[in-house]
Structure formats: C-alpha cells, structure tokens
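Residue-level structural notes
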Amino acid sequence: MNLLKYRAAQVVSAANFAPKRDKRKLRRVLMYHSVVNDTDLAIQKSDIYSISETYFKCHVDYLARNHNSTEHKVVSLEDSFSSGVSITFDDGYKDTLTIAAQLLCKNNLPFNVFVTPANVISGQEKYLSETELVALSQLPGATIGAHGFSHQHLTSLTTAEINEELKSSKEWLETLTQTTVTTMSYPHGAFNSQVQEIAASVGYLYAATSSWGCYQVGVKPLEIPRIDIWNLDSGAALKQKLNGQWDWIGKLLSPVQETDK
Ligand SMILES: [Zn+2]
C-alpha cells in the first residue's frame, strides 16, 4: 500500500463508526515485524512492515495507559483471558530485542515473538543471533514461539516436509532457550487444515495467522487472526485499529498480505 492509498484509507477509517461489539469477549492480536531506528527513514518509508521507534513508542504508551482496562489489558497470546490485546512479532529481527522489548519491558507488557531458526542461523545482521535470542527469551513477559524452520509456505510442502518444518523449529528453539515452545505463527500466513493437524500433532497449542480479525470465543487456537500493523500507523491509527475502525480494509487486504511476509 503506498502513501496515497494509506492516507485515503486513513480518512475513511477515522470517520468509520465500527459496529458495536461486546469488547469483553474479543481479543485483538497485533502483528508487528521490525521496529526501526528513526534515522533509518529509507527503510521505514519503503517497507510497510518496518515501523519507526517513535510510532512504536506511541503504541506502547497507549497500551500501557489502558493496560488496566478489561478492553485493552495486554496479555500473552496463550493467556486464557477472553479479551484485551496481545502483542506479537514475526521473523526474529534483532530490533525486537534492541528496541521493542526494551520499551515493552519498561512498561511491564507481555509479548510473543515468533522466530524462524534459519534467520538466526543465517548470521545476517538484521536478525537475532543465538545469544541475543537467549537474552530475549529470558526477559520478563517474553514468550518465544516458532515461525517455521526456514520460512516456507507450509501449504505448498509435502506432509513430511511440513512435519519437519514444524517439529525441527520447535525443537531447535526449545534446546536453545531451554523452555517449552507451544506457540507459533504461520510463515506468509499460509495454513490449511492439514498444516493445523500437523501443528497439533507435534505439540503446538496456539498458532497465529496473518488473516485480519479478532480472537474471540469460537475461534480455534490454531487459527488465531491478527491485526496487521503498518509503518504509517501512528498512535491514533493504533487506537482506531483496536476500535475496529480499520477492519473493513484489513479484511479486504488480508489475502494479499498473506503472500507478502
Ligand atoms: Zn514471516
């Protein structure tokens, strides 16, 4: 989505009165990827999934301020609390530790990080190293989950390959962090009933998708919808997204977004 389209969507969303729902019975799970330093404007402007530290700080401030309300209480994805907000990060970027986690920990807000082991093993500067991943896993409120072993579209693999991706990523993360891994998110948002069955069989209890929606009563824990967060989302946009005002475009874009990351 380019700037012009985003601005148009913003105008519509700001004026959009979301349908009244019982917010005590639904959870909104936020999907973040990278949080970049403000000096890195080029990345921030070109990559929809790289939000600036300034905007992210606005989000954390807003969530921390409303943390005591039933509607916006921040809980870990696997928490049994039936409403509130969950904060998730995909892929295992280094800035999840160096920028995002610092702000979240300072405000005592829990969060989930879905890591692709192959990204860590790659040694690329933008991803967490093994040492950094261990440090992240030991922070209060942090829960590490898997994101496939090598970030493949699970729906295009054979049964044996899906099993290998899901099982090896879980085992690799468990060995490194010395914790039991029961959460994951589907790379590229790609999943189907077979992928879900295999995920359950290897021991995952919760899996986040990239489909836009609320995690409410009746939604399967291996099919948890999320709310996509983009680089141009200010604190005001987050508030609108939590209020359901962006649901119209999120649902429209969901299938496209699935193939992006
Ligand atoms: Zn991903």
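Shown above is the structure to which this text applies.
This section reports on the structure supplied with the text.

Parameters and conventions
Residues numbered from 1 in each chain as written. Predicted model: local features only at pLDDT ≥ 70, side-chain atom pairs only at ≥ 80, totals over all residues. Helix = DSSP H or I, 4+ residues; strand = E, 2+ residues; numbered from the N terminus. Rg over C-alpha atoms; globule rule 2.2 N^0.38 Å. Buried ≥ 20, exposed ≤ 12 C-beta atoms within 10 Å, placed from the backbone. Axes fitted to C-alpha atoms, helices over the stretch in contact; angles between N-to-C directions. Parallel < 35°, antiparallel > 145°, perpendicular 65-115°, else oblique. Left-handed = near helix turned anticlockwise from the far one by under 90°. Contact = placed C-beta atoms within 7 Å. Arc of directions from axis to C-beta. Expected span 1.5 Å × (residues − 1). Nonpolar A, V, L, I, M, F, W, Y, C, P; charged D, E, K, R; others polar.

Turning to the overall build of the protein chain, a few remarks are in order. Looking only at helices and strands, the protein chain features 10 helices and 10 strands. On C-alpha atoms alone, the protein chain measures out to a radius of gyration of 17 Å, which is about the 18 Å that the 2.2 N^0.38 rule sets for 261 residues. A principal-axis box enclosing the C-alpha atoms of the protein chain has dimensions of 50 × 40 × 35 Å. Residues counted as buried form 44% of the 261 residues belonging to the protein chain.

Here we take up the packing of helix 7 (residues 159-177) against helix 8 (residues 193-201). It is the contact of helix 7 with helix 8, at a shortest axis distance of 10 Å, that shows an interaxial angle of 45°. Of the possible angle classes, the one that applies to helix 7 and helix 8 is oblique. Judged by the sense of rotation from one axis to the other, the crossing of helix 7 with helix 8 is right-handed. On helix 8, the residues touching Ile162, Asn163 and Leu166 of helix 7 are Val195, Ile198 and Ala199.

A word on helix 8. Listing the buried residues of helix 8 in full gives Val195, Ile198 and Ala199. Down the axis of helix 8, the smallest arc covering the buried residues is 105°, so these residues share one side. Across helix 8 from its buried face, at more than 90 degrees, point the exposed residues Ser193, Glu197 and Ser201. Elements in contact with the buried residues of helix 8: helix 7, strand 7 (183-185) and strand 8 (206-212). Backbone geometry just downstream of helix 8 places glycine 203 in the positive-phi region, at approximately 115°.

Counted residue by residue, strand 6 (residues 142-146) has five buried out of five residues, so it is predominantly covered. Of the two faces of strand 6, both are covered, the one formed by Ala142, Ile144 and Ala146 as well as the one formed by Thr143 and Gly145.

With 19 residues, helix 7 extends 27 Å between its outermost C-alpha atoms, agreeing within 8% with the 27 Å of an ideal straight helix rising 1.5 Å per residue. Within helix 7 the residues assigned to the buried category are Ile162, Glu165, Leu166, Ser169, Lys170 and Leu173. In a view along the axis of helix 7, the buried residues occupy a sector of 105°, so they form one face of it. In this structure, helix 7 carries Thr159, Ala160, Glu161 and Thr175 as exposed residues pointing more than 90 degrees from its buried face. The elements touched by buried residues of helix 7 are strand 5 (111-115), helix 5 (117-122), strand 6 and helix 8. Remark: glutamine 178 follows helix 7 within two positions and exhibits a positive phi of approximately 60°.

Contact geometry of helix 3 (residues 53-65) with helix 4 (residues 94-106) gives a least axis separation of 10 Å together with a crossing angle of 25°. When the axes of helix 3 and helix 4 are compared, the pair comes out roughly parallel. Note on packing geometry: the crossing formed by helix 3 with helix 4 is right-handed. On the side of helix 3, the interface is formed by Glu53, Phe56, Lys57 and Val60, while helix 4 contributes Ile99, Ala100, Leu103 and Leu104. The residue makeup of the contact of helix 3 with helix 4, split by class, is six nonpolar, no polar and two charged.

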